[in-house]
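What follows is the residue order along each chain.
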Amino acid sequence: MNSAVKRVTKFIWEHYSEPLTLAGIAKSATLSRFHLARIFRATTSVTPAGFSLWSAFIRPSICS
């Protein structure tokens, strides 16, 4: 997996309960919003927003 995508998935996983924007997520990986969206989808087959939504539903059930 691409190291930027790893950083982004970790960031989303750690901040799942906060309001996240594509710009904020991209900043955490030092990428542009457009580049992040492209490489994230190419690597994971989902968008950063889709992964963020999934994390918000899954994380509380795993951590409780």
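Parameters and conventions
Residues numbered from 1 in each chain as written. Predicted model: local features only at pLDDT ≥ 70, side-chain atom pairs only at ≥ 80, totals over all residues. Heavy atoms only, no water. Helix = DSSP H or I, 4+ residues; strand = E, 2+ residues; numbered from the N terminus. Core = buried A, V, L, I, M, F, W, Y, C linked by side-chain atoms within 4.5 Å. Buried < 20%, exposed > 50% of the residue type's maximum accessible area, 1.4 Å probe, protein only. Contact = heavy atoms within 4.5 Å. Expected span 1.5 Å × (residues − 1). Arc of directions from axis to C-beta. Axes fitted to C-alpha atoms, helices over the stretch in contact; angles between N-to-C directions. Parallel < 35°, antiparallel > 145°, perpendicular 65-115°, else oblique. Nonpolar A, V, L, I, M, F, W, Y, C, P; charged D, E, K, R; others polar.

Re unusual backbone geometry
(1) Moving on: Of note, the phi angle at Thr30 is positive, near 50°, even though the residue is not glycine.
(2) Moving on: Its location among the elements puts Thr30 in the loop between helix H2 (22-28) and helix H3 (33-44).
(3) Moving on: In this model, Ser45 sits at a positive phi of 70°, which is unusual for a non-glycine residue.
(4) Moving on: Secondary-structure assignment places Ser45 in the loop between H3 and helix H4 (48-63).

So, the nonpolar core
(1) Moving on: Within the largest apolar cluster, 11 residues are counted, these being Ala4, Val5, Val8, Ile12, Ile25, Ala26, Ala29, Leu36, Ile39, Phe40 and Phe51.
(2) Moving on: Within the residue set of this core, elements represented by two or more residues are helix H1 (3-14), H2 and H3.
(3) Moving on: For this core, the element with the most residues is H1, which contributes 4 residues.
(4) Moving on: With residues near it in sequence (within four places) discarded, Phe51 still touches Thr9, Ile12, Phe40 and Val46.

Quick notes on H3
In an α-helix, one full turn covers 3.6 residues, which means residues spaced three or four apart are oriented alike.
(1) Moving on: Taking 1.5 Å per residue as the helical rise, H3 with its 12 residues ought to reach 16 Å, and the 16 Å between its terminal C-alpha atoms agrees with that figure.
(2) Moving on: Every buried residue of H3 is listed here: Leu36, Ile39 and Phe40. Looking down the long axis of H3, one finds its buried residues gathered within 100° of arc, a one-sided arrangement. In H3, those exposed residues whose orientation departs by more than 90 degrees from the buried face are Phe34, Arg38 and Ala42.
(3) Moving on: Positive phi appears at Ser45, one or two residues downstream of H3, with a value of about 70°.

Considerations on the packing of H1 against H3
(1) Moving on: The contact between H1 and H3 brings their axes to 10 Å, and the two run at 95°. Considering the angle they form, H1 stands roughly perpendicular to H3. On H3, the residues touching Ala4, Val5, Val8 and Thr9 of H1 are Leu36, Ile39, Phe40, Thr43 and Thr44.
(2) Moving on: Tallied by class, residues from the contact of H1 with H3 come to 6 nonpolar, 3 polar and no charged.

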